[in-house]
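# Per-entry structural report
Chain by chain, the residues run as shown.
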There are 2 protein chains.
Amino acid sequence: MTDRSVIVVAIMLRLSRSRKTPTRRASRRKRAVEAARAAAVPASASRKVRTAERRDAILSAALDEFSTRGFEAARLDDVARRAGVAKGTIYLYFRDKESLFQELIRAMLTPLVGTIEALGEAELPLPALADRIVELFVREVYETRRKDVIRLMISEGRRFPKLAEFYYREVLERIISAVRSLLRRAAARGEVPEGLAEFPQIIAAPGLVAIIWSGLFERFEPLDVRKMMKTHVELLFAPRRAT
Amino acid sequence: MTDRSVIVVAIMLRLSRSRKTPTRRASRRKRAVEAARAAAVPASASRKVRTAERRDAILSAALDEFSTRGFEAARLDDVARRAGVAKGTIYLYFRDKESLFQELIRAMLTPLVGTIEALGEAELPLPALADRIVELFVREVYETRRKDVIRLMISEGRRFPKLAEFYYREVLERIISAVRSLLRRAAARGEVPEGLAEFPQIIAAPGLVAIIWSGLFERFEPLDVRKMMKTHVELLFAPRRAT
DNA sequence: CTAGATAATGACTGACCGGTCAGTCATAGT
DNA sequence: ACTATGACTGACCGGTCAGTCATTATCTAG
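Below is a summary of the structure that appears in this document. These figures come from a predicted structure and were not determined experimentally.

Attention shifts here to the relation of the copies chain B and chain A. The operation relating chain B to chain A is a screw motion whose rotation component is 180°, with 0.0 Å of axial translation and a residual RMSD of 0.1 Å. Viewed as a symmetry operation, the transformation between the two copies matches a two-fold axis. Counting the interface residues of chain B, we find that 100% of their copies in chain A are interface residues as well, pointing to one common contact surface.

Where side chains of opposite charge bring their charged atoms close, a pairing between them can arise. Applying the stated criterion to the full structure yields 42 salt bridges over all chains. Here A:Arg189 and A:Glu191 are joined by a salt bridge, their closest N and O atoms 2.6 Å apart. Taking the shortest distance from any N to any O, the salt bridge between B:Glu170 and B:Arg174 comes out at 3.2 Å. Taken together, the positions of B:Glu170 and B:Arg174, both in helix α9 (residues 161-188) and four residues apart, correspond to about one turn of that helix.

Each pair of packed helices can be summarised by the angle the axes make with each other and by the distance between the axes. Where helix α10 (residues 201-216) of chain A meets helix α11 (residues 201-216) of chain B, the axes come as close as 8 Å, and the angle between the chain directions of the two elements is 90°. By the angle class used here, α10(A) and α11(B) are roughly perpendicular. Each of A:Gln201, A:Ala205, A:Pro206, A:Leu208, A:Val209, A:Ile212 and A:Trp213 in α10(A) lies in contact with α11(B), whose residues at this interface are B:Gln201, B:Ala205, B:Pro206, B:Leu208, B:Val209, B:Ile212 and B:Trp213. Here the contact of α10(A) with α11(B) is built from residues that sort into 12 nonpolar, two polar and no charged.

This paragraph deals with the interface of chain B and chain A. Contacts between chain B and chain A engage 54 residues on the former and 54 residues on the latter. Regarding the contact of chain B and chain A, the summed buried area is about 4,900 Å², with carbon and sulfur atoms giving 68% of it. Remark: the boundary between chain B and chain A carries two salt bridges. Salt-bridge contacts for A:Glu198 lead to B:Lys227; the nearest nitrogen and oxygen are separated by 3.1 Å. Of all the secondary-structure elements, those providing two or more residues to the side of chain B that touches chain A are α3 (47-69), α8 (146-156), α9, α10 (195-198), α11 and α12 (225-237) of chain B. Looking at the side of chain B that touches chain A, the element that brings in the most residues is α11(B), giving 10 residues. Residue composition of the side of chain B that touches chain A, by class: 28 nonpolar, 10 polar and 16 charged.

Before going further, it helps to examine the environment of A:Ala204. Residue and element names in this part refer to chain A. Looking at where Ala204 falls in the secondary structure, it is placed in helix α10. On the accessibility criterion, Ala204 (41% relative accessible area) is partly exposed. Between the C-alpha atom of Ala204 and that of Val233, which follows or precedes it by 29 residues, the distance is 9.5 Å.

With that out of the way, let us pick up the nonpolar core. Of all hydrophobic cores here, the largest spans 154 residues; its most connected members are A:Phe237 and B:Phe237. Excluding residues within four positions of it along the chain, B:Phe237 makes contact with B:Leu126, B:Leu129, B:Ala130, B:Ile133, B:Leu183, B:Glu191, B:Val192, B:Leu196 and B:Ile203.

Residue and element names in this part refer to chain B. Its 17 residues give helix α7 (residues 126-142) an end-to-end C-alpha distance of 23 Å, which sits within 8% of 24 Å, the value for a rise of 1.5 Å per residue. For α7, every residue scored as buried is listed here: Leu126, Leu129, Ala130, Ile133, Val134, Leu136, Phe137, Val138, Val141 and Tyr142. If you follow the buried residues of α7, they end up packed against α6 (97-121), α8, α9, α11 and α12.

Here we come to the packing of aromatic side chains. Residues and elements named next belong to chain A. For the structure on display, the rule yields 22 aromatic pairs over all chains. Plain terms: the ring middles of Phe66 and Phe101 are 5.7 Å apart, the flat faces sit at 80° to each other, and that makes the pair edge-to-face. Of this pair, Phe66 sits in helix α3 (residues 47-69) while Phe101 sits in helix α6 (residues 97-121), and the two are 35 residues apart along the sequence. As far as the burial class goes, Phe66 and Phe101 line up, both buried.

Cut-offs used in this document
Residues numbered from 1 in each chain as written. Chains lettered and ligands numbered in written order. Predicted model: local features only at pLDDT ≥ 70, side-chain atom pairs only at ≥ 80, totals over all residues. Heavy atoms only, no water. Least-squares fit on C-alpha atoms with pLDDT ≥ 70 in both. Contact = heavy atoms within 4.5 Å. Salt bridge = Lys/Arg side-chain N within 4 Å of Asp/Glu carboxyl O. Helix = DSSP H or I, 4+ residues; strand = E, 2+ residues; numbered from the N terminus. Axes fitted to C-alpha atoms, helices over the stretch in contact; angles between N-to-C directions. Parallel < 35°, antiparallel > 145°, perpendicular 65-115°, else oblique. Nonpolar A, V, L, I, M, F, W, Y, C, P; charged D, E, K, R; others polar. Buried area = accessible area lost by both parts, 1.4 Å probe. Buried < 20%, exposed > 50% of the residue type's maximum accessible area, 1.4 Å probe, protein only. Core = buried A, V, L, I, M, F, W, Y, C linked by side-chain atoms within 4.5 Å. Expected span 1.5 Å × (residues − 1). Phe/Tyr/Trp six-rings, centres within 6.5 Å; stacked < 30°, edge-to-face > 60°.

Pasting the structure below:
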């Protein structure tokens with residue numbers, strides 16, 4: 001999703017948020033759609049720009065619908081309404097429902113790789129590293145819609161083996177090997193225990209738990225993600241007595 | 001799911017596994033169903049026993065179907081076929097699809113609470129405790145169909161707030177408070193750091209990651225759960241230098 | 001201004017599936 | 001042996017929704 005259009009999309013979402021009963025009042029719907037489109041796309045915008053914005057609007061709407069209803073239960077009609085677009089339009093931008101889903105995950109998660117690889121390059125002293133890891137997760141994932149995308153990947157990934165493979169090859173594998181080499185270098189300096197480098201997943205584990213928790217149990221018992229992750233990495237990185 | 005019927009169910013699953021195209025050949029289907037039933041329930045079995053076994057067979061079949069297709073996409077027709085039963089029969093045992101799902105989770109996860117609370121009571125020395133935690137997870141969850149149920153809860157829980165609440169109140173909350181008081185006592189003795197008791201989720205985090213991983217990425221990169229969990233708890237419980 | 005090109009629409013279709021219920025038949029009771 | 005019972009069946013119904021395509025709107029080049 002291009003940054004440029006985030007605000008635009010936000011406006012659209014507000015406009016089309018109110019739930020409607022599924023009556024077939026075409027005229028009322030038409031007005032709503034026109035209002036949404038007017039807000040989203042100034043008449044002056046060139047075709048190229050409009051096209052990109054529509055794509056983004058559809059992706060953004062799809063994320064909302066998939067997140068709240070799940071992939072199967074989400075209706076493309078609702079995605080279209082939310083995006084201020086007719087259902088047929090979705091098929092001008094995406095081959096089918098499934099490839100819409102794939103594009104969504106591709107677009108949101110791929111950029112993470114660079115960010116984390118950059119973190120691996122910088123040779124930071126341990127306590128600073130701990131902070132950076134926590135802040136990066138909280139700011140770039142947890143406080144972002146990426147949280148929802150990851151939740152989606154966790155929930156639905158199993159039924160899309162192709163997508164799982166793409167995600168593993170293009171995202172996970174790279175992140176893991178970046179973190180692993182980072183940990184190995186720190187271990188060589190005696191800063192972190194050897195075992196940790198074998199399972200970089202351990203570093204991320206509380207982050208994933210927080211994502212799952214926020215979707216299921218937040219309303220019963222809120223969870224301070226930043227504090228949990230801080231506690232965790234500090235325990236892992238803490239200097240220990242020689243055995 | 002009663003233990004007694006596990007083998008029976010396994011046999012049934014084998015018998016009804018072969019996929020059929022959805023032709024309407026009633027007679028062929030009928031024979032298959034009868035064969036399955038004959039294998040599952042000896043004619044001599046009393047009505048009560050048969051009833052319990054059918055319930056279990058349906059739950060077992062539902063777990064398979066829900067696990068592989070997801071709740072929405074799973075067809076009750078397939079659950080029935082897998083259980084060697086007609087679709088209507090399901091409705092004699094469960095009110096609807098959703099309550100079948102709820103019963104499944106209820107039945108499989110509730111027993112865990114007692115086991116873990118017992119672990120909390122026993123005052124074990126630290127290294128033994130670490131081992132017990134790991135073994136308990138691996139043997140009672142990871143190598144069990146409970147793994148699939150938890151995966152299901154993670155994937156679908158969001159769309160069943162009632163179920164999420166039940167699970168939180170009856171399972172999670174109890175487990176968390178048991179583990180927390182265990183950790184607090186250990187912290188008081190200076191055996192584990194204070195911060196850990198505030199976030200018992202941290203202990204379980206790698207286990208959850210392993211469950212997710214096994215569903216999505218096992219085929220690309222297998223993960224040694226036991227070793228990862230062992231590494232993790234030992235890092236957390238390791239004696240550390242005074243700061 | 002207009003014609004031709006391109007984009008967007010939304011009514012429609014056909015497949016699909018949860019849930020129902022009238023009818024069947026194995027079993028229990030006498 | 002002969003019912004009475006209720007467990008079980010599966011064809012069917014109604015609603016839903018992904019995907020299509022004939023029609024309409026919008027844009028742009030000349």
